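Listed below, chain by chain, are the residues.
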Amino acid sequence: MKPSEKEIIVGGQAVLEGVMMRTPNAYAVTVRRQDGTLVSQSEPLPKLSDKYAWAKIPIVRGGAVLIHSMMLGVKALNFSANVMMEEEEERGRAASVATTMLSTLAHTLMIPVNALNFTVTTEGESSGEPRPATETKGSAQAKVAAVGSLIFALTFNLLLFVVLPLLLTNALFNFFGWTNAQTVTAPIADGAWYQTAWATLQAYMKPVRPSIEFNLVDGVIRMFFFLVMIYSFSKMKDIRRVFEYHGSEHKTVHAWEAGDALTPANAQRYRRQHPRCGTSFLMLVVLVSIILFSVVKFDSLLMNMLIRIALMPVIAGISYEIIRAAGKKEAGAIFSFITRPGIWLQNLTTQEPDEQQLEVAIHALNESLKLEPQQA
């Protein structure tokens, strides 16, 4: 490995039957078709810090990178899904296309899990050259689809991991009397059922001012939802394949960081868990949010809900900085300890890949490295 290459931090994301790899100045996604051939798409990426001065500010840059990475992740996922569906449609297998679409939906919801170390870009061919003018319409449609998928994923995750846990925690504290007020009792059913239901809902939704204990319960509920979602998706055959490619991506990154020649045999020797994985990122989000939400709080349930949504970029930025530091070789034991829960969780979100899957990850990384200025 050349001295200039040692500073190249790489990251990646698994897609359907493929891997997307991101280097500081480029990205590439490689997908294996059913006939064994590899289809790749790559393009140079401008650095946010070079384009926007505010992108160099710690914490702020984390939120920007998160959004950009999710957009690039959705684009890479759409590319892999299109390759698969084109193959299935050529074979006239409509049922398989439906399965692919279902897997695409599930993986779109998990985009935030791997949303690190990426930057948004425009479509491009594997050579890094712009698309021909005849493909402008298709490129625009792909961008619209990517934005729509991103909005859907963000909305779903906000509802599942922010709004619903807050409402449930508020109801639990009222139900068990874990506040200064008395335990809430169900209203006497002396009216219509909907009147009783509405009165009960109002009683349990009486605002509770968040405390450390409140946010701990809220965090446990969020983590429970997250684990259930991951476990449910892991039972899907296509998503399990994605988790195997997730493992191949991590092993390839480990091999690169160790300076080994990028071959399937070399990459296979490394762990499939990595501290900079988005899984570790989400675990940190829970821990950071427990602390931050205990400081910024209101007596209004609606205000608490809105401030939690508004503070997500700040929480993402703080968590990003911790993960960024943890990924450096000089990171100490404290960073290793912080990311340990995410490493454990990766036993579920990654699976052992085979040599063909490692070949795909290595191909994607090599295609991205070709576009790095240091490789000229």
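Structure's up top.
We now turn to the structure provided with this report. (Residues numbered from 1 in each chain as written. Predicted model: local features only at pLDDT ≥ 70, side-chain atom pairs only at ≥ 80, totals over all residues. Heavy atoms only, no water.)

## Observations concerning the packing of aromatic side chains
- What the rule picks out here adds up to 4 aromatic pairs.
- On the numbers, 5.1 Å between centres and 55 degrees between planes, the contact of F173 with F214 is tilted. Of this pair, F173 sits in helix 4 (residues 136-176) while F214 sits in helix 6 (residues 212-234), placing them 41 residues apart in sequence.
- When its relative accessible area of 5% is taken as the criterion, F173 is described as buried.
- Between F175 and F176, the ring centres sit 4.9 Å apart and the planes meet at 90 degrees, which makes this aromatic pair edge-to-face.
- For F176, a relative accessible area of 43% translates into the label partly exposed. (Phe/Tyr/Trp six-rings, centres within 6.5 Å; stacked < 30°, edge-to-face > 60°. Helix = DSSP H or I, 4+ residues; strand = E, 2+ residues; numbered from the N terminus. Buried < 20%, exposed > 50% of the residue type's maximum accessible area, 1.4 Å probe, protein only.)

## Structural notes on unusual backbone geometry
- A positive phi angle, close to 55 degrees, is found at E17, a residue other than glycine.
- Of note, E17 is situated in the loop between strand 1 (11-15) and strand 2 (18-23).
- Unlike most non-glycine residues, I59 shows phi in positive territory, near 75 degrees.
- Looking at the secondary structure, you find I59 in the loop between helix 1 (48-51) and helix 2 (60-90).

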